[in-house]
Amino acid sequence: MSAIDKIKGGIGNNKKSLDNKPLLDDNVAINVEHLSMEFKITKDKIDTLKEYVIRTIKRNKKEKEKVRVLDDISFKVYKGDKLGILGFNGAGKSTLLKILAGIYEPTYGKIEINGKVAPLLELSAGFDKNYTGKNNIYLNGAFLSMEKEFLDEKYDEIVEFSELGEYINYPVKNYSSGMRAKLGFSIATLIEPDILIVDEILSVGDIKFRKKSSKKINELMAEGVTVLLVSHSINQVRKICDKCIWIDNGKIVMEGEVNEVCDAYVANADGKKKKKKKKKKKKKE
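Definitions and limits used
Residues numbered from 1 in each chain as written. Predicted model: local features only at pLDDT ≥ 70, side-chain atom pairs only at ≥ 80, totals over all residues. Heavy atoms only, no water. pLDDT = per-residue confidence, 0-100. Contact = heavy atoms within 4.5 Å. Helix = DSSP H or I, 4+ residues; strand = E, 2+ residues; numbered from the N terminus. Buried < 20%, exposed > 50% of the residue type's maximum accessible area, 1.4 Å probe, protein only. Pairing = 2+ DSSP bridges. Axes fitted to C-alpha atoms, helices over the stretch in contact; angles between N-to-C directions. Salt bridge = Lys/Arg side-chain N within 4 Å of Asp/Glu carboxyl O.

1. Brief notes about the confidence of the model for the protein chain
- For the protein chain, the mean per-residue pLDDT works out to 82, and 78% of the residues sit at or above 70.
- Throughout residues 1-20 the model reports pLDDT below 50, and contacts reaching past four residues in sequence, or to other chains, amount to 55 contacts.

Following this line, the structure appears as structure tokens:
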């Protein structure tokens, strides 16, 4: 069996793993076991194709190093849970969400997802800037496993919610970042998901659209949708979530009730700030 054993719900509701065995518990929305993610990076600074070819021929390129971003992570999310994911920059939070959304393939581990997933991550990712907004609705929808017939039926609804009007027929390269985010949000929230994956996008577009997008997310959560939220706003995590995971250096440091984890995370952050101030004082002296 492959080191990676992963399933995703997509538009269809898939409750079985690759070996056709049911999930351990039908109340589980997401099951993650011993998940690890490695990236290969190089410290070589090669600016031109010529330099790349020469160094390849001479065989003096530096070997790529493996960097483990997530290290043996395991947890379960039950249906209806609102799970916050905390961590400092570079902890591995966004990488974890991208794996769960199917954007990255993990290096090792097992993932089981029970239900339809709506990933609200990099909202304009997957857009072809040379295509019109209309073309990109179908392109982006295909990435989210949406059928053409479904998109045909919902097309007017997407355009109306995105507030793009006649600009939907313009190439996306002419859109502002806010316009692209609006379109991405309108497509991603089109389905009625069982699982909502959110990464720092609760302030999409202008003030008017922010209220609209926040209302949409609140409506989805009120319907009992399972939520995974990454945010640097502790208040936002406390307000939305009931459970929390704290990740540091690719490992789970703590998981449990949201306020307990948030309190521990804030205390740790405050401790690091004090240490930095002491080091600065010593340097000045």
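Structure's up, so let's keep going.
2. Examining the environment of C244
- Position of C244 relative to the elements: it lies in strand β9 (residues 243-248).
- Spatially, the C-alpha atom of C244 lies 8.2 Å from that of K82, the residues being 162 residues apart in sequence.
- Once residues lying within four places of it in the same chain are set aside, the contact partners of C244 are L83, G84, L86, V237, M254, E255, G256, V258 and V261.

3. Some words on the pairing of strand β7 (residues 195-199)
- Of all 5 residues in β7, 5 are buried, a share of seventy percent or more.
- Along β7, one buried face is formed by I195, I197 and D199 and the opposite face, lined by L196 and V198, is buried too.
- Of the strand pairs in this sheet, strand β6 (residues 117-120) and β7 are connected by 4 bridges, and their pairing is parallel. Directly across from L120, in β7, lies its bridge partner V198.

4. Notes on the environment of F88
- With respect to the element layout, F88 can be found in the loop between β4 (82-86) and α2 (93-100).
- We classify F88 as partly exposed; its relative accessible area is 22%.
- Put simply, F88 and Y265 are 177 residues apart on the chain and 9.5 Å apart in space, counted from C-alpha to C-alpha.
- F88 has contacts with K93, I247, D248, Y265, N268, A269 and K272, leaving out every residue within four places of it along the chain.

5. Concerning the sheet that holds strand β10 (residues 251-257)
- Read across the sheet, 6 strands follow the order β6-β7-β8-β4-β9-β10 without closing on themselves; strand pairing throughout is mixed. Each of the sheet's edge strands pairs with one partner strand only, and the pair in question is β6 and β10. Taken pair by pair, the neighbouring strands of this sheet meet at an average axis angle of 15°, ignoring direction.
- Two elements, β4 and strand β8 (residues 226-230), share 4 bridges in a ladder whose sense is parallel. Across the sheet, K82 pairs through a bridge with V227, a residue of β8.
- Against the sheet, α2 engages β4, β7, β8 and β9, with an angle of about 150° to β7.

6. Quick look at the pattern of salt bridges
- Summed over the entire model, instances satisfying the criterion amount to 10 salt bridges.
- Note that R68 and E38 form a salt bridge whose closest N and O atoms lie 2.6 Å from each other. Of the two residues, R68 sits in strand β3 (residues 65-78) while E38 sits in strand β2 (residues 28-41), which places them 30 residues apart along the sequence.
- Of the charged contacts in the structure, one is a salt bridge between K251 and D71, with a shortest N-O distance of 3.6 Å. On the criterion of sequence distance, the pair formed by K251 in strand β10 and D71 in strand β3 is long-range, its members being 180 residues apart.
- Taking the relative accessible area as the measure of exposure, K251 reaches 44% and is therefore partly exposed.
- Residue classification places D71 among the partly exposed positions, given a relative accessible area of 23%.
- One network of salt bridges, with partners in common, ties together E38, R68, D71 and K251.

7. Observations concerning unusual backbone geometry
- Backbone geometry places D72, a non-glycine residue, at a positive phi of 55°.
- Inspection of the secondary structure puts D72 in strand β3.
- The backbone of N249 sits at a positive phi, close to 50°, despite the residue not being glycine.
- By secondary structure assignment, the location of N249 is in the loop between β9 and β10.
- Under the relative-accessibility criterion, N249 is labelled exposed at 63%.

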